[in-house]
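The residues making up each chain are set out below.
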6 protein chains.
Amino acid sequence: MSTSTDKVVITDPPRADLTDVDELAALGVATVHEALGRSCYLGPGLRPIQDGARIGGTAVTVLCWPGDNLMIHAAVEQCRPGDLLVVTTTSPCVDGLFGELFATALAHRGVRGLVTTTGVRDVADLRTMGFPAWSAAVSAQGSVKATAGAVNVPIVVGGQLVRPGDAVLADDDGVVCVPRARVAEALAAGRARLEKEEATRQAFRQGQLGLDRYHLRVTLAQLGVEYLSAAESGEWQR
Amino acid sequence: MSTSTDKVVITDPPRADLTDVDELAALGVATVHEALGRSCYLGPGLRPIQDGARIGGTAVTVLCWPGDNLMIHAAVEQCRPGDLLVVTTTSPCVDGLFGELFATALAHRGVRGLVTTTGVRDVADLRTMGFPAWSAAVSAQGSVKATAGAVNVPIVVGGQLVRPGDAVLADDDGVVCVPRARVAEALAAGRARLEKEEATRQAFRQGQLGLDRYHLRVTLAQLGVEYLSAAESGEWQR
Amino acid sequence: MSTSTDKVVITDPPRADLTDVDELAALGVATVHEALGRSCYLGPGLRPIQDGARIGGTAVTVLCWPGDNLMIHAAVEQCRPGDLLVVTTTSPCVDGLFGELFATALAHRGVRGLVTTTGVRDVADLRTMGFPAWSAAVSAQGSVKATAGAVNVPIVVGGQLVRPGDAVLADDDGVVCVPRARVAEALAAGRARLEKEEATRQAFRQGQLGLDRYHLRVTLAQLGVEYLSAAESGEWQR
Amino acid sequence: MSTSTDKVVITDPPRADLTDVDELAALGVATVHEALGRSCYLGPGLRPIQDGARIGGTAVTVLCWPGDNLMIHAAVEQCRPGDLLVVTTTSPCVDGLFGELFATALAHRGVRGLVTTTGVRDVADLRTMGFPAWSAAVSAQGSVKATAGAVNVPIVVGGQLVRPGDAVLADDDGVVCVPRARVAEALAAGRARLEKEEATRQAFRQGQLGLDRYHLRVTLAQLGVEYLSAAESGEWQR
Amino acid sequence: MSTSTDKVVITDPPRADLTDVDELAALGVATVHEALGRSCYLGPGLRPIQDGARIGGTAVTVLCWPGDNLMIHAAVEQCRPGDLLVVTTTSPCVDGLFGELFATALAHRGVRGLVTTTGVRDVADLRTMGFPAWSAAVSAQGSVKATAGAVNVPIVVGGQLVRPGDAVLADDDGVVCVPRARVAEALAAGRARLEKEEATRQAFRQGQLGLDRYHLRVTLAQLGVEYLSAAESGEWQR
Amino acid sequence: MSTSTDKVVITDPPRADLTDVDELAALGVATVHEALGRSCYLGPGLRPIQDGARIGGTAVTVLCWPGDNLMIHAAVEQCRPGDLLVVTTTSPCVDGLFGELFATALAHRGVRGLVTTTGVRDVADLRTMGFPAWSAAVSAQGSVKATAGAVNVPIVVGGQLVRPGDAVLADDDGVVCVPRARVAEALAAGRARLEKEEATRQAFRQGQLGLDRYHLRVTLAQLGVEYLSAAESGEWQR
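All figures in this text were calculated on a predicted structure; none of them were measured in a lab.

Reading the values: the criteria
Residues numbered from 1 in each chain as written. Chains lettered and ligands numbered in written order. Predicted model: local features only at pLDDT ≥ 70, side-chain atom pairs only at ≥ 80, totals over all residues. Heavy atoms only, no water. Helix = DSSP H or I, 4+ residues; strand = E, 2+ residues; numbered from the N terminus. Buried < 20%, exposed > 50% of the residue type's maximum accessible area, 1.4 Å probe, protein only. Contact = heavy atoms within 4.5 Å. Lys, Arg positive; Asp, Glu negative; His and termini not counted. Charge placed at Lys NZ, Arg CZ, Asp CG, Glu CD. Salt bridge = Lys/Arg side-chain N within 4 Å of Asp/Glu carboxyl O. 1 Å grid on protein atoms, 1.4 Å probe; cavity = no way out; pocket = protein on both sides within 12 Å on 5 of 7 lines; lining within 4 Å. Points joined across faces, edges and corners; volume = space filled by probe spheres on them. Nonpolar A, V, L, I, M, F, W, Y, C, P; charged D, E, K, R; others polar. Disulfide = S-S within 2.5 Å. Buried area = accessible area lost by both parts, 1.4 Å probe. Polar contact = N/O pair within 3.5 Å; in protein donor to acceptor, adjacent residues only side chain to side chain. Pairing = 2+ DSSP bridges.

Below, the discussion takes up the overall build of chain A. A tally of helices and strands in chain A yields eight helices and 13 strands. Projecting the C-alpha coordinates of chain A onto the three principal axes gives extents of approximately 70 × 45 × 35 Å. Looking at chain A as a whole, 67% of its 238 residues are labelled buried. Taking all contacts inside chain A whose residues are at least 6 apart in sequence as the whole, residues at least 24 apart take part in 76%. Distance from the positive charge centre (22 side chains) to the negative charge centre (27 side chains) of chain A: 1 Å.

A word on the pattern of salt bridges. In total, this model carries 90 salt bridges over all chains according to the counting rule given. A:Glu34 is the salt-bridge partner of A:Arg193, the closest N and O atoms lying 3.6 Å from each other. One end of the pair, A:Arg193, is in helix α6 (residues 183–205); the other, A:Glu34, is in helix α2 (residues 29–35), with 159 residues separating them in the sequence. Taking the relative accessible area as the measure of exposure, A:Glu34 reaches 11% and is therefore buried. Among the salt bridges present, the one from D:Glu100 reaches C:Arg201, with a minimum N-O distance of 2.5 Å. Of this pair, D:Glu100 sits in helix α4 (residues 100–108) while C:Arg201 sits in helix α6 (residues 183–205), each in a different chain. Both residues of the pair, D:Glu100 and C:Arg201, belong to the buried class.

Attention now goes to empty space enclosed by the protein. Within this structure, the stated rule accounts for six cavities of 30 Å³ or more. Empty space within the second largest cavity amounts to approximately 80 Å³. Along the walls of the second largest cavity sit 13 residues, with D:Ser91, D:Pro92, E:Gln141, F:Tyr41 and F:Gly43 positioned nearest its centre. Its residues assigned to classes, the lining of the second largest cavity shows five nonpolar, seven polar and one charged.

Okay, the state of the cysteines next. One pass over the structure, following the stated rule, counts zero disulfides over all chains. Of the cysteine sulfurs around B:Cys64, a residue in no disulfide, the closest is that of B:Cys93, at 8.8 Å.

Take the interface of chain A and chain E next. Contacts between the two partners involve 43 residues from chain A and, on the opposite side, 40 residues from chain E. For the pair chain A and chain E, the summed buried area comes to about 3,500 Å², and 62% of that belongs to carbon and sulfur atoms. Run the count over chain A and chain E and you get five salt bridges. Among the ionic pairs, E:Glu34 bridges to A:Arg121, the shortest N-O distance being 2.8 Å. Counting every contact that joins chain A to chain E gives 16 residue pairs in polar contact (both at pLDDT 80 or more). Breaking the side of chain A that touches chain E down by element, the ones donating at least two residues are β1 (8–10), α3 (70–78), α4 (100–108) and α5 (123–129) of chain A. No other element matches the seven residues that α3(A) contributes to the side of chain A that touches chain E. The sheet contact formed by β1(A) and strand β13 (residues 226–228) of chain E spans three bridges and is parallel.

What follows is the structure in structure tokens.
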């Protein structure tokens, strides 16, 4: 969904640094989301059409009218190597606004993938090509090219603002958008979190409990949680 | 849904002018949405709990954790006469985070109503009090007060960005948010549209067709739409 | 949703007889649905925007592109007194394709109401005007007039085929479409059912049980349903 | 949904005391839900077909096959004055399994209302009769009487267990089920909560803040929530 | 959903020619949908239980009561080599009406696959057998055999009419139904479209833009879309 | 959803016998569901994150607050080899309450898998680890650890009651919960059904029809189903 329907194509938005984007992508969506204070996740509604892809790119944003992919054509021209196309519509639409021909054109320009609140089609071809996509649906439903929209304006996807040039990361857990201004913060916090997770992983492998590692026994007690044996808790056995 | 989960209360955001807000509210949600180029509508998911209310106010925004209304308590203190509370959560939640006691506190401060992506409860009381609310659900499910969020940060509601101080308008058609910086534009365009609608209404009452008023016969012909009598269109009669 | 996207306006489809339509409407949606062997109901997804309306009319059908109400303009010209407008889109769309200006134009032509799988807007005005509507949503979201569709072709609404000229009936229980060729059958069966329901109503008011009136004790026994006292059914008391 | 599909009718389950049920009903759904530690609410999916009803009754439970209301007929015979019928199906079904004839039969037996995870029909008649109903949908879709189910077995509605004889309360906020064994606890806690709410209401009317009344300033500080003026929070003004 | 609940089995409907059906299947669902003027697609709600299958067959249609698969048993006998079973229910139902035993019986008769608006079960077995299926859900929920329905009557699936003998095509993008009378048209238009797509693919691989290939720069200009550099569009950078 | 929000951890619930659980798991979800009279299935909303897993275990149940996984930490300590974690929340929540670190800790304790009405994250890692999971969603959305819940109390999942120690079975068709007290019944009936299914499979492979095997021709005739040739059924060919 949109923050504006102004009819405009912004031609040269500044992008996040691709080296940074690649390092963020390697951290994974869940880790970066946590590193940003559990924010910037685009929600469980965007699902990958393939298994195992993990990518990052700089956002080229597209705002289309429902049932209409005219502005995706305009957006292709604005794409550079390292970009990732992020598409939404002015009102909800799961038609197949994007398919293999678009992917062919984008692959030629070095675009890394697609994130869309609409449907995609030709998914067998996209998987064969290795062009990764995250979408709200798979749909063969075709589009017209009749109504104006915008390219490279801020859009809203899954309740999060996506601005052109932001770092968009996607894997099997979904999609996260790191605002360009927060990339350095995300990298620092993400690296720290990765390290912490690895230490926890080792501890858990050796049998430590989260209750102890995170000092949660105190929390439980303060919240009034009681421990009862099954024998004591007659009622619960019914 | 959120644009950030930073833990902050912004205390004195500038507000849109209340005289302007009141005039916008009188225009109605659909007219203002059209006047802004068909943008800024918060979608069909927000429904009024009452019939016939038409209000406007300046947004005090609240970002809560799911199942937790702590930050609504913090928000009450930030409210002034003419405000309208706009609430969302960091991930989807339709619990009843808001009820009659909050409405009592807000009414005391001159707040005009509530817009929330969560549920509301005590709806019979809210109707009796005349405290209007638009929500995603009605739910008696109660909340805790345990997790931080934010007040008066930009939030996303129904795919649209809502900033503190924006003009939020609501009626039986739903909710529209006019960015503070676009209030003057919305007023001018809205007044013009109201006038145009009234002229169209008069013409339609006298039997003019939209086909003629909007010159759509040409459009239909250019798009290749044919006119056939039922007799000619044998196939369609099956 | 559509059975075809051919670009055509059929100008003079034969209609069901209005006297018959009015008698069917008076029987009510549930009764006519039952009379037709429990068929022809357009499903629980179409809800009235008002309480207490019960109407019938002859269908003028409209097939629009999502986000586009061009063909509703074309349809207005095809309407006659006693008609009822039935609108759908080629793929799902809940935008507000219909509002008070359309209702004004249609009321001038003697149209009795609207059934649509899209959203409607200006619902406060429609209620005031007394123009009844059944829709999938209420939405202020506006439309364009850019893409062709069809008028008076067979369309599918709620899983049922609606042909131009069919008898469409609507009340608080939803909408039923009686094919023109089955109107006489529906009337005969509907009158019979009404009579039978009234006899059952009287019997139930005097305390007869459905178990006895419909001879269901035998059915229950044949299906192996047992009667147990709470004391005998220890397990169930847990 | 079900906890069992055993084919059985339990004939005389013990019921909660009606005087207690009536006092619980008067407290209201939200208050009783809170009094029980925020439990036992049947969720936002059950909506009233009327405004302003507030009732309580002892549950007679019914488990039907989808599209089949045979067991409701069996249940009618098991109903006594003060009962409330609670219906669900073995797999999700929103067909109109219940309508005005059933309500007529139940009203004769002193039944107070209906709660169902299915659809209801004849809603205009039910409103006229004053027979209140809470359901997942309104649907005219009719049923058969061909498949066995159960009456007065424990069923699950909205994620909560409902046992025959439990106290079921319903108002504009939805439905709550108080287990028969917890009625006394619910009454005591509910009365206490009502009193506390009234004191809070008075305090809020005089301008006290929830932040102070519930000592939440400390909570906010402990959670790290900061207060910033709009001027200080440059970023947030964008 | 249904177009009728008449209790009938039609025994020998004429089928589309299998050579034609096979050629259509090879074109793919999206291409055939486009070739038919973007019609006849059964929507994004039908998803394959396997990856990579692309099949076509002649429809044997089945209309069941919810929770009941009696009529699928009747339909098996009506199936011939080259057929494809298409199942729906008189009201929405996602129970597992179809499983591996049915697939075994159908495979014996040369049936090519299943399309159903209900659920399917035994999906691991179906994948192992190589019996392809498209459904609205996967569900283990079992069925009864108690209520009549119909075989080889027109049914509605995903908003499209499916008649017995129609050419039904399915792949990873979903399902399309080509009316028997339109098979020749679909073949001709589909071949033409395939050729055009291949030419476009080659052009895109060499860097041509859709904007140029489809002459969309004119369209954008006529619609008032402006091009701005990021520097010029200060507001958008916020 | 919950049957109670009492704050309690039950420490040593009796478990179903693991040998029995393993034999039940081998029978498969659909077969066991049928063996129990078509009951105890946790519905189509729980989907596997992997293909081809078929497991069984004894339930350790967890009831969390939405957006909060504190109680999963408490639950880990209660797990033994052969257990299977079953998680739900007090109101609907699809956040990613569970990820790879939890799976690491549980694998160390011999836990066999996860069933949850919430989302899961780190799904690529879980697949690599071979830790199977069934969930309502995949979501990277993170959680807090701030609100009390319960471990090893009866919970409701997919409309079915799950008690600690019950036998929970999961495969590609979803999840079934066999109450501990019904394990022997399920085993006996499941073995019988397996045998019957195998006999039917052989018969179907040799061309027998379900119509004959299950004596359904009589049923169809009693229900009034007629057989017509396409030629006789003129109307149906339209």
